[in-house]
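Examining the three-dimensional arrangement
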Amino acid sequence: MDYYVSIMRNYANFDGRARREEYWMFQLFNTLILVALFILGLLFEPLFFIAFIYVLLVIVPSLSVTVRRLHDIDLSGWWVLIKFVPYLGELALFVMTCIDSTYGSNRFGENPKGRGMEEKAFIEF
């Protein structure tokens with residue numbers, strides 16, 4: 001829940017990197033909230049409007065955490081546009097968000113896991 005709250009507070013930050021855990025925990029809580037609002041909307045039709053408002057409020061934070069997740073694997077945030085490619089775009093973005101962080105610093109900042117170059121050197125041997 002801490003990841004969800006921190007992403008919502010920092011909703012317009014497209015700089016830096018986001019760990020897989022941060023990205024997927026945000027997606028999990030976002031999905032749980034949407035499912036709960038949808039079920040409540042089925043029971044009480046006026047609550048569909050609240051679900052619609054929630055979706056509008058979460059668009060920018062969702063986009064920002066996705067861009068930062070792409071930064072974590074050393075890809076430009078513009079790769080989020082691959083989502084618009086029918087069928088394969090969603091799958092490609094899903095795979096990209098599952099890839100582990102690049103070791104050490106990259107052009108978008110320090111590794112949020114705190115893993116530095118010493119681990120990379122160890123892995124290469």
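Each remark here, short or long, concerns the structure printed above.
The following paragraphs examine the structure supplied in this document. (Residues numbered from 1 in each chain as written. Predicted model: local features only at pLDDT ≥ 70, side-chain atom pairs only at ≥ 80, totals over all residues. Heavy atoms only, no water.)

What about the environment of L75?
The topology assignment puts L75 in the loop between helix 3 (47-72) and helix 4 (88-98). Residue L75 is classed as partly exposed on the basis of its relative accessible area of 22%. Sequence-distant contacts of L75, defined by excluding residues within four places in its chain, comprise L70, M96, R107 and F108. (Helix = DSSP H or I, 4+ residues; strand = E, 2+ residues; numbered from the N terminus. Buried < 20%, exposed > 50% of the residue type's maximum accessible area, 1.4 Å probe, protein only. Contact = heavy atoms within 4.5 Å.)

A word on the pattern of salt bridges
For the coordinates displayed, the defined rule picks out 7 salt bridges. Linking R19 and E21 is a salt bridge whose minimum nitrogen-to-oxygen distance equals 3.6 Å. The exposure class assigned to R19 is partly exposed, which follows from its relative accessible area of 27%. Residue E21 is classed as partly exposed on the basis of its relative accessible area, which comes to 39%. Each of the salt bridges in this network shares a partner with another, and the network as a whole consists of R17, R69 and D72. (Salt bridge = Lys/Arg side-chain N within 4 Å of Asp/Glu carboxyl O.)

Re helix 4
Buried within helix 4 we find G89, L93, M96 and T97. Mapping the buried residues of helix 4 onto a view down its axis gives an arc of 95°, with all of them on the same face. Against helix 2 (20-43) and helix 3 lie the buried residues of helix 4. (Arc of directions from axis to C-beta.)

None of this, on its own, says anything about what the molecule does.
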